[in-house]
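Residues per chain are reported as follows:
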Amino acid sequence: QVYLPDFCAGRTVLVILLVAELVAIALTLASYVPGTLLVDLSKMSLFVLWLAMLGTVLLCLIRPWAEKQGNTQAFVVCFIALEMMCLTLAEITWQLSVTFAESVVIGDSEFRFLLRTFAISSIIIALAMRYLYVASEWLEAQARISALQALIRPHFLFNTMNTIASLTRTDPKQAEEAIEDLSDLLRANIGTQKNRTTLKDELEVASIYQRIEKLRLGDRLRVRWDVSELPMRALIPSLTIQPLLENAIYHGIEQLPEGGEVQIFGTRTGDNLEISIKNPVSKDRLGKSSGNKMALSNIRQRFELAYGDDATVDIQEAEASYSVRLVFPCEEKSP
């Protein structure tokens, strides 16, 4: 669903009119002739404000339909509709100036007046549509992040509670530690509002998850960490490592009767950081994990939002292993 502001709301209308007046002032100053500033400004303001008001009304009417379309289709249609409206009003303005033998806005030929209106309105509408498009993408990404933060697989929660219930009878102290770990993990998944966090905090959350799963899987689960080269103050999109570790355990280790080892490597190469998470898998599950694809798609979108083309999320599937490789710029948090 695309994001468009409520063009019927008074606050939105006020903002549009203020921006329109600023545009009128800028256009007037760009063609300033000494002694005619106020007259030219009044003419330009009348024309631009009419465009802004009619455009607001048009977007107010088509917004319910546009929000049901995809981002690209909605913005293209809005752009074309606004452009046609601008050209129509420009033509009406020109005809009025001819009818009353008076230049309503700027003395110019009809073609040049329409051409200038088209060029200026195209730039302004394109900038406005681009802003709304970016805002829409940002809000959609925020929704995905919130959904990921709130996502705790039910099976993991039930299994953990069963493990804790069993430990209360055999090892109360360990049960208490498990409850504290689960509380910290839930707080990290649900409570945080940060888009990015430090590698230190991210790895701590993953370690908490590992300890909880270790209680359930025992010797079947082994995790080898090799991240000493990573700067712990480096920033990374929050909840990146823990979901990947969760996938490695759920879709890899848990499916193997003998268990296996998850390998997590981290290195720094120049201005980039590289983190790889590798786990063994049974041959019949290669390429069949929808859970892996969902988490990876989410992480890809968040990395693209945070770093653009400077980051990559690669997958490597071998005969008996599955690995995810993250490469992203090193941005360290100030001490």
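Up top is the structure these notes are about.
Conventions and cut-offs
- Residues numbered from 1 in each chain as written.
- Predicted model: local features only at pLDDT ≥ 70, side-chain atom pairs only at ≥ 80, totals over all residues.
- Heavy atoms only, no water.
- Core = buried A, V, L, I, M, F, W, Y, C linked by side-chain atoms within 4.5 Å.
- Buried < 20%, exposed > 50% of the residue type's maximum accessible area, 1.4 Å probe, protein only.
- Helix = DSSP H or I, 4+ residues; strand = E, 2+ residues; numbered from the N terminus.
- Contact = heavy atoms within 4.5 Å.
- Pairing = 2+ DSSP bridges.
- Salt bridge = Lys/Arg side-chain N within 4 Å of Asp/Glu carboxyl O.
- Axes fitted to C-alpha atoms, helices over the stretch in contact; angles between N-to-C directions.

Engineer: With reference to specific residues and values, describe the nonpolar core.
Structural biologist: Ranked by internal contacts, the top residues of the largest apolar core, which has 44 residues, are Ile-241, Val-262, Ile-264, Ile-275, Phe-303, Leu-326 and Phe-328. Sort the elements by how many residues they give to this core and helix H7 (residues 199-217) lands first, with 8 residues. Excluding its chain neighbours within four sequence positions, the residues that come into contact with Phe-328 are Leu-235, Ile-236, Asp-271, Asn-272, Leu-273, Ile-275, Phe-303, Tyr-307, Asp-310 and Ala-311. Phe-47, Ile-62, Leu-82 and Trp-94 belong to the second largest nonpolar core, which has 18 residues in total.

Engineer: Let's hear about the pairing of strand E4 (residues 260-269): which residues, and what values?
Structural biologist: In terms of strand pairing, strand E2 (residues 221-226) meets E4 through 6 bridges, oriented parallel. If you follow Val-223 over to E4, its bridge partner there is Val-262. When E4 meets strand E5 (residues 272-280), the two strands line up antiparallel, connected through 7 bridges. Note that in E5 the partner of Gly-266 across the bridge is Ile-275.

Engineer: Tell me about the pattern of salt bridges, and please be specific about residues and values.
Structural biologist: Applying the stated criterion to the full structure yields 11 salt bridges. In this structure, Arg-325 engages Asp-314 in a salt bridge whose closest nitrogen and oxygen atoms are separated by 3.0 Å. Of the two residues, Arg-325 is situated in strand E7 (residues 321-329) and Asp-314 in strand E6 (residues 312-317); the sequence distance between them amounts to 11 residues. Given a relative accessible area of 29%, Arg-325 falls into the partly exposed group. Each of Glu-213, Arg-216 and Glu-254 takes part in a single network of salt bridges with overlapping partners.

Engineer: Tell me about the pairing of E6, residues and numbers included.
Structural biologist: As paired elements, E6 and E7 share 6 bridges and run antiparallel to each other. Bridge assignment links Ile-315 to a residue of E7, and that residue is Val-324. Where E6 folds back onto E7 in an antiparallel hairpin, the turn is made up of 3 residues.

Engineer: Describe the sheet that holds E4, and please don't skip the residues or the numbers.
Structural biologist: Either a parallel or an antiparallel arrangement is found when strands of a sheet pair, and the pairing is made through backbone hydrogen bonds. The strand order across the open sheet built from 5 strands is E2-E4-E5-E7-E6, with neighbouring strands paired in mixed fashion. One side of each edge strand has no neighbouring strand; the edge strands of this open sheet are E2 and E6. For this sheet, the mean angle separating the axes of adjacent strands, direction not counted, is 10 degrees. Each of E2 and E5 touches H7; the most contacted strand, E2, lies at about 160 degrees to it. Set on the sheet, helix H8 (residues 241-251) makes contact with E2, E4, E5 and E7; between it and E5 the angle comes to about 20 degrees.

Engineer: Explain the environment of Leu-215 to me, using residue names and the numbers behind them.
Structural biologist: You can see Leu-215 is positioned in helix H7. Between the C-alpha atoms of Leu-215 and Leu-167, which are 48 residues apart in sequence, the distance is 9.3 Å. Ignoring any residue separated from it by four or fewer positions in sequence, one finds Leu-215 in contact with Thr-163, Leu-167, Gln-174 and Ala-178.

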